[in-house]
Amino acid sequence: MKWVYKTKVKPNGDVSKYKARLVARGFLQKHGLDYNEVFTPVARLKTVRLIVAVASNRNWSLYQLDVKPTFLNGSLEEEVYITQPPGYAVAGQDDKVYKLNKALYGLKQAPRA
């Protein structure tokens, strides 16, 4: 588990905001034990061409839609436990872990949630 920090900058070079996100170490998860399915929404180029061809043939209007996976809002079906994040460990309770209710970046099942 680690923190990833990013600084957003305006076009003139001024700092607009600071962002931080907690990333889980999903590469340690094992298929069948920690998760069962993974999913990533991907559109094949053949499918996009087919949709554009059908819409053009029938004089339909086309609109663009960006799909962003909502990693932090998806509920988890499996029980996932993480160690205490760096900088937030409670002194004297270093052996305790957190149970996740929502998906975090880095988990194998996050895009599916």
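Residues numbered from 1 in each chain as written. Predicted model: local features only at pLDDT ≥ 70, side-chain atom pairs only at ≥ 80, totals over all residues. Heavy atoms only, no water.

Participant: Explanation requested: unusual backbone geometry in the structure shown.
Facilitator: Not every positive phi belongs to a glycine, and N59 is a case in point at roughly 55°. Position of N59 among the secondary structure elements: in the loop between α1 (45-57) and β3 (75-83). By relative accessible area, N59 is classed as exposed at 70%. (Helix = DSSP H or I, 4+ residues; strand = E, 2+ residues; numbered from the N terminus. Buried < 20%, exposed > 50% of the residue type's maximum accessible area, 1.4 Å probe, protein only.)

Participant: Whenever I open this one, the packing of aromatic side chains confuses me. Can you help?
Facilitator: Here a ring pair, both rings aromatic, is described through the centre-centre distance and the interplanar angle of the planes. The tally for this structure, following the rule as stated, stands at one aromatic pair. When the centroid spacing of 5.6 Å and the interplanar angle of 45° are considered together, the rings of W3 and Y88 count as tilted. Placement of W3 in strand β1 (residues 2-9) and of Y88 in the loop between β3 and β4 (97-102) is noted, with a sequence separation of 85 residues between them. (Phe/Tyr/Trp six-rings, centres within 6.5 Å; stacked < 30°, edge-to-face > 60°.)

Participant: Sorry, what's going on with the nonpolar core here?
Facilitator: When a protein is soluble and globular, its nonpolar side chains tend to lie buried together. Core analysis: the largest hydrophobic core is formed by ten residues, namely M1, L22, A24, L76, V80, I82, L100, A103, L104 and L107. Here this core takes three residues from β3, the largest share from any one element. (Core = buried A, V, L, I, M, F, W, Y, C linked by side-chain atoms within 4.5 Å.)

Participant: Looking at this structure, I do not really get α1. What am I missing?
Facilitator: The periodicity of an α-helix, 3.6 residues per turn, causes residues three or four places apart in sequence to face the same way. Given a rise of 1.5 Å per residue, 13 residues ought to cover 18 Å, and the 18 Å separating the end C-alpha atoms of α1 matches this to within 8%. A positive phi of about 55° marks N59, the residue just after α1. (Expected span 1.5 Å × (residues − 1).)

Participant: Explain a positive patch on the surface to me, please; I cannot follow it from the model alone.
Facilitator: The grouping of K6, K8, K17, K19 and R21 at the surface amounts to a positive patch. Where the positive patch is concerned, the elements lending two or more residues are β1 and β2 (15-23). Per-element tally for the positive patch: the top contributor is β2, with three residues. Secondary-structure assignment places K8 in strand β1. (Patch = residues over 30% accessible without salt bridge, like charges linked within 9 Å, V, L, I, M, F, W, Y side chains within 5 Å. Areas by Shrake-Rupley, 256 points an atom, 1.4 Å probe, with all protein chains shown as cover. Salt bridge = Lys/Arg side-chain N within 4 Å of Asp/Glu carboxyl O. Lys, Arg positive; Asp, Glu negative; His and termini not counted. Charge placed at Lys NZ, Arg CZ, Asp CG, Glu CD.)

Participant: Before we go on, may I ask you to explain the confidence of the model for the protein in this structure?
Facilitator: Atom-level detail of predicted coordinates should not be read off regions where pLDDT is low. Per-residue pLDDT for the protein has a mean of 77; in total, 70% of the residues score no lower than 70. When the elements of the protein are averaged for pLDDT, β3 gives the smallest value, 79, and α1 the largest, 91. (pLDDT = per-residue confidence, 0-100.)

Participant: I would appreciate a short explanation of a nonpolar patch on the surface in the present structure.
Facilitator: On the surface, a cluster of nonpolar side chains totalling about 440 Å² of accessible area is made up of L45, V48, I51, V52 and L62. Structurally, V48 is set in helix α1. Assessed through its relative accessible area of 40%, V48 is described here as partly exposed.

Participant: Explain the side chain of Q84 to me, please; I cannot follow it from the model alone.
Facilitator: You can see Q84 is positioned in the loop between β3 and β4. Owing to a relative accessible area of 13%, Q84 belongs among the buried residues under this scheme. Within the local environment of Q84, its side chain forms a polar contact with the backbone oxygen of K96, the two atoms lying 3.3 Å apart. The residues touching Q84, leaving out its near neighbours within four places in the chain, are A89, V90, Q93, D94, K96 and Y98. (Polar contact = N/O pair within 3.5 Å; in protein donor to acceptor, adjacent residues only side chain to side chain. Contact = heavy atoms within 4.5 Å.)

Participant: Any chance you could explain the environment of A55 here in plain terms?
Facilitator: Along the chain, A55 turns up in helix α1. Setting aside chain neighbours within four positions, we find A55 in contact with W60 and L62.

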